[in-house]
Amino acid sequence: MARLRDCLPRLMLTLRSLLFWSLVYCYCGLCASIHLLKLLWSLGKGPAQTFRRPAREHPPACLSDSSLGTHCYVRIKDSGLRFHYVAAGERGKPLMLLLHGFPEFWYSWRYQLREFKSEYRVVALDLRGYGETDAPIHRQNYKLDCLITDIKDILDSLGYSKCVLIGHDWGGMIAWLIAICYPEMVMKLIVINFPHPNVFTEYILRHPAQLLKSSYYYFFQIPWFPEFMFSINDFKVLKHLFTSHSTGIGRKGCQLTTEDLEAYIYVFSQPGALSGPINHYRNIFSCLPLKHHMVTTPTLLLWGENDAFMEVEMAEVTKIYVKNYFRLTILSEASHWLQQDQPDIVNKLIWTFLKEETRKKD
């Protein structure tokens with residue numbers, strides 16, 4: 001009996017792991033089947049339209065707008081990767097590092113680059129695999145450990161030991177992890193529309209609605225097919241994400257201009273440009289939940305109430321993982337793309353948080 005009691009916890013852990021991976025692979029198959037039906041439907045309506053993709057040889061003018069900052073590159077010594085970023089504000093000022101989500105790149109921070117350069121050295125990064133940053137081929141190069149180390153090495157290369165760290169969506173996930181693993185590097189943490197990673201993994205297993213909203217996490221586990229589906233019909237999926245009534249920027253927000261949308265399509269239509277971003281997701285299930293999860297940095301969490309991908313209840317639960325000052329602000333009628341949707345309100349809330357004295361919780 002004693003031996004059975006000793007083995008029971010390990011047996012339960014094995015069963016739980018088996019159920020978890022069964023769920024992952026079954027849902028991957030379901031998502032792939034749904035997208036395959038969509039492909040067949042598109043082909044039935046018009047094969048030529050499905051595979052039509054106009055050549056985009058020159059970037060839109062907005063990507064070289066000098067008011068947004070200067071395009072820079074830095075090569076990381078250990079990994080050998082070259083990272084692209086846009087920087088605004090004088091060197092020597094405190095660093096504000098901006099980490100974008102999916103499917104975005106540095107340009108999603110255009111409103112913040114202009115806003116905060118008066119008091120900060122603002123750096124909007126293209127994450128590993130995105131935009132003009134190098135994109136390793138193998139999915140193993142996109143493990144969370146690699147992404148965390150990227151940010152640490154970039155700070156060192158820029159000559160800083162700490163920063164104000166702001167992340168949105170997947171960039172928010174990385175921002176949480178940096179604050180957990182390297183708290184000394186983060187003066188203040190600001191996350192937009194992404195809960196603490198442990199909240200996300202626990203919530204998604206208990207709430208079918210969130211499982212459906214996060215179906216793309218599972219779909220992205222499949223090789224090459226997600227990249228193909230994103231590219232058909234001249235990147236219709238990408239356009240839909242930003243402009244549709246269900247997932248796009250809120251009708252009361254700052255709508256993407258035609259040039260803004262073309263900037264996104266230009267970046268992701270380059271050869272191989274989708275594989276790096278999607279590879280970020282292909283290691284996620286082997287990396288979560290986290291062994292170490294407490295955040296000791298003053299934290300601001302901003303959330304668009306109409307987020308089509310993340311349920312707002314996760315924002316409320318996140319506070320239990322922050323052992324310091326924590327503020328949550330939920331913006332009504334705002335979408336997942338919050339810093340582009342409601343830039344004036346978001347910028348004002350960030351300024352308020354940056355300027356106030358924060359006191360660590362007992």
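Sequence order as written defines residue numbering, which begins from 1 separately in each chain. Per-residue local features are limited, in this predicted model, to residues with pLDDT of at least 70; the limit for side-chain atom pairs, both in listing and counting, is 80 or more; totals at the level of whole chains, interfaces and linings are taken over all residues. The basis for every side-chain value is the complete set of heavy atoms in the structure, and neither hydrogens nor water enter the calculation.

Cut-off, in case you're wondering: UniProt positions are given in the numbering used here, feature names are shortened, and annotations may be inferred rather than shown by experiment.
Looking up the chain in an unreviewed UniProt entry gives the name Epoxide hydrolase 4, with the organism given as Pan troglodytes. Note on the chain: under the UniProt heading Sequence similarities (unreviewed entry), the record states "Belongs to the AB hydrolase superfamily. Epoxide hydrolase family."

**With respect to the overall build of the chain**
Rules: Per the convention used, a helix needs a DSSP run of H or I reaching at least four residues, while a strand needs a run of E reaching at least two, with both numbered from the N terminus. Each residue is assigned to one of three classes by its accessible area relative to the maximum for its type, calculated with a 1.4 Å probe on protein chains only: buried under 20%, partly exposed between the two thresholds, exposed over 50%. A contact between two residues is defined here by any heavy atoms of the two lying within 4.5 Å.
Check the secondary structure of the chain and you find 14 helices and eight strands. Principal-axis analysis of the C-alpha atoms gives the chain an extent of 70 × 65 × 45 Å. Taking all 362 residues of the chain together, 54% fall into the buried category. Partitioning the contacts of the chain with sequence separation of at least 6, the portion at a separation of at least 24 is 76%.

**Structural notes on the state of the cysteines**
Short version of the rule: The term disulfide is used for any two cysteine sulfur atoms that are within 2.5 Å.
Within the structure shown, the criterion is met by zero disulfides. With no disulfide of its own, Cys 62 has Cys 254 as its nearest cysteine by sulfur position, at a separation of 15 Å.

**Quick word on the pattern of salt bridges**
The criterion, for reference: By salt bridge we mean one thing: a side-chain nitrogen of Lys or Arg within 4 Å of a carboxyl oxygen of Asp or Glu.
For the structure shown, the criterion picks out twelve salt bridges. Here the salt bridges share partners, and the residues they tie into one network are Arg 56, Asp 234, Lys 239 and Glu 262.

**A closer look at the layout of surface pockets**
For clarity, the threshold we go by: Lining residues are those with an atom within 4 Å of a point, where the points come from a 1 Å grid over the protein atoms alone and group into cavities, where a 1.4 Å probe fits but cannot get out, or pockets, open sets with protein on both sides within 12 Å along at least five of seven lines. Grid points are joined across faces, edges and corners, and a volume is the space filled by probe spheres set on the points. All amino acids are sorted into three groups, where Ala, Val, Leu, Ile, Met, Phe, Trp, Tyr, Cys and Pro are nonpolar, Asp, Glu, Lys and Arg are charged, and the leftover types, Gly among them, are polar.
Considered as a void within the structure, the largest pocket measures approximately 930 Å³ in volume. Lining of the largest pocket is provided by 34 residues; of these, His 35, Lys 38, Val 237, His 240 and Leu 241 occupy positions nearest its centre. Secondary-structure elements contributing two or more residues to the lining of the largest pocket are helix H1 (2–45), helix H2 (47–50), helix H7 (208–213), helix H8 (215–219) and helix H9 (225–243). Examining the composition of the lining of the largest pocket, we find that nine residues originate from one element, H1, more than from any other. Partitioned by chemical class, the residues of the lining of the largest pocket number 19 nonpolar, ten polar and five charged.

**Some remarks on the environment of Val 267**
By secondary structure assignment, the location of Val 267 is in helix H10 (residues 258–268). You can call Val 267 buried: its relative accessible area is 10%. Each C-alpha atom, one on Val 267 and one on Cys 254, is 21 Å from the other, the two residues being 13 residues apart in sequence. If near-sequence neighbours (up to four positions away) are discounted, Val 267 is found in contact with Leu 63, Phe 105, Gly 131 and Ala 273.

**Focus on the packing of helix H4 (residues 144–158) against helix H5 (residues 170–181)**
The test is simple: Interaxial angle, 0 to 180 degrees, is taken between N-to-C directions of lines fitted to C-alpha atoms, where a helix line uses only the stretch in contact. With respect to orientation, any angle under 35 degrees is reported as roughly parallel, any angle over 145 as roughly antiparallel, any angle of 65 to 115 as roughly perpendicular, and every other angle as oblique.
Viewed as axis vectors pointing N to C, H4 and H5 meet at an angle of 75 degrees, and their least axial separation amounts to 10 Å. Considering their axes alone, H4 and H5 lie roughly perpendicular with respect to each other. Contacts between H4 and H5 pair Leu 144, Leu 147, Ile 148 and Ile 151 from the former with Trp 170, Ile 174, Leu 177, Ile 178 and Cys 181 from the latter. The residue inventory of the contact of H4 with H5, partitioned by class, reads nine nonpolar, no polar and no charged.

**A word on the nonpolar core**
Applicable threshold: Nonpolar core, defined: a set of buried Ala, Val, Leu, Ile, Met, Phe, Trp, Tyr and Cys residues in which side-chain atoms within 4.5 Å join the residues together.
Counting residues in hydrophobic clusters, the biggest one holds 118 residues, and the most contacted among them are Trp 170 and Tyr 217. No other element matches H5, which puts nine residues into this core.

**Some words on unusual backbone geometry**
Only a minority of non-glycine residues have a phi that is not negative, and only a minority of peptide bonds are not trans. That bond from Phe 102 to Pro 103 is cis: its omega, -10 degrees, falls within 30 degrees of zero. The backbone of Asn 193 sits at a positive phi, close to 55 degrees, despite the residue not being glycine. Examined against the element boundaries, Asn 193 turns out to sit in the loop between strand S6 (186–192) and helix H6 (197–206). Classification of Asn 193 by relative accessible area gives buried; the value is 0%. Backbone geometry at Phe 235 places phi at a positive 60 degrees, although glycine is not the residue there. Mapped onto the secondary structure, Phe 235 falls in helix H9.

**Here we look at H4**
Because the α-helix completes a turn every 3.6 residues, residues three or four places apart line up on one side. Quick note on the threshold: Every helix has an expected span of 1.5 Å times one less than the residues it contains.
Over its 15 residues, H4 extends 21 Å from the first C-alpha to the last, a length consistent with the 21 Å expected when each residue adds 1.5 Å. Each element contacted by the buried residues of H4 is listed here: strand S2 (82–88), strand S3 (95–99), strand S4 (121–125), strand S5 (163–168) and H5. Gly 159 sits one or two positions beyond H4 and adopts a positive phi of about 85 degrees.

**Points about the pairing of S2**
On a regular strand, each side chain points to the face opposite its neighbour's, so the side chains alternate between the two faces of the sheet. Stated formally: DSSP bridges decide pairing: two strands pair if at least two such bridges lie between them.
The buried fraction of S2 is high, at six of seven residues. If you look at the hairpin formed by strand S1 (residues 70–75) and S2, you'll find six residues sitting between the two strands, and Gly 80 has a positive phi there, around 80 degrees. Sheet topology note: the S2/S4 ladder contains four bridges and is antiparallel. Bridge pairing in S4 links Ala 87 to Val 123.

**Things to note about a nonpolar patch on the surface**
For clarity, the threshold we go by: Patch membership is restricted to residues that have no salt bridge and whose relative accessible area is over 30%. Joining uses 9 Å for like charges and 5 Å for the nonpolar side chains Val, Leu, Ile, Met, Phe, Trp and Tyr. Per-residue accessibility takes into account occlusion by the displayed protein chains alone, with areas from the Shrake-Rupley method and a 1.4 Å probe.
Taken together, the side chains of Leu 36, Leu 37 and Leu 40 define a hydrophobic patch exposed on the protein surface, amounting to about 300 Å² of accessible area. Mapped onto the fold, Leu 40 is located in helix H1.

**Description of the packing of aromatic side chains**
Any two aromatic rings considered together are summarised by their centre-to-centre distance and by the angle between their planes. Selection criterion: Note on aromatic contacts: the rings of Phe and Tyr and the six-membered ring of Trp form a pair at centre separations within 6.5 Å, being stacked when their planes are under 30 degrees apart, edge-to-face when over 60 apart, and tilted otherwise. As a reminder, the over-ring test applies to NZ of lysine and CZ of arginine, requiring each to be within 6 Å of the ring centre and within 35 degrees of the ring normal.
By the definition in use, this model includes 30 aromatic pairs. Considering the side-chain rings of Phe 105 and Trp 106, the 6.1 Å spacing of their centres and the 90 degrees angle between planes classify their relative orientation as edge-to-face. Summarising the burial analysis for this pair, Phe 105 and Trp 106 share the class buried. Their ring planes at 75 degrees and their centres at 6.1 Å tell us that Phe 309 and Trp 337 sit as a pair that is edge-to-face. Residue Phe 309 is found in the loop between strand S7 (299–304) and helix H12 (313–317), and its partner Trp 337 is found in the loop between strand S8 (326–331) and helix H13 (338–341); the two are separated by 28 residues along the sequence. With a relative accessible area of 11%, Phe 309 lands in the buried category. On the accessibility criterion, Trp 337 (1% relative accessible area) is buried. Sitting above the plane of the Phe 353 ring, Lys 188 keeps its charged end 4.8 Å from the centroid.

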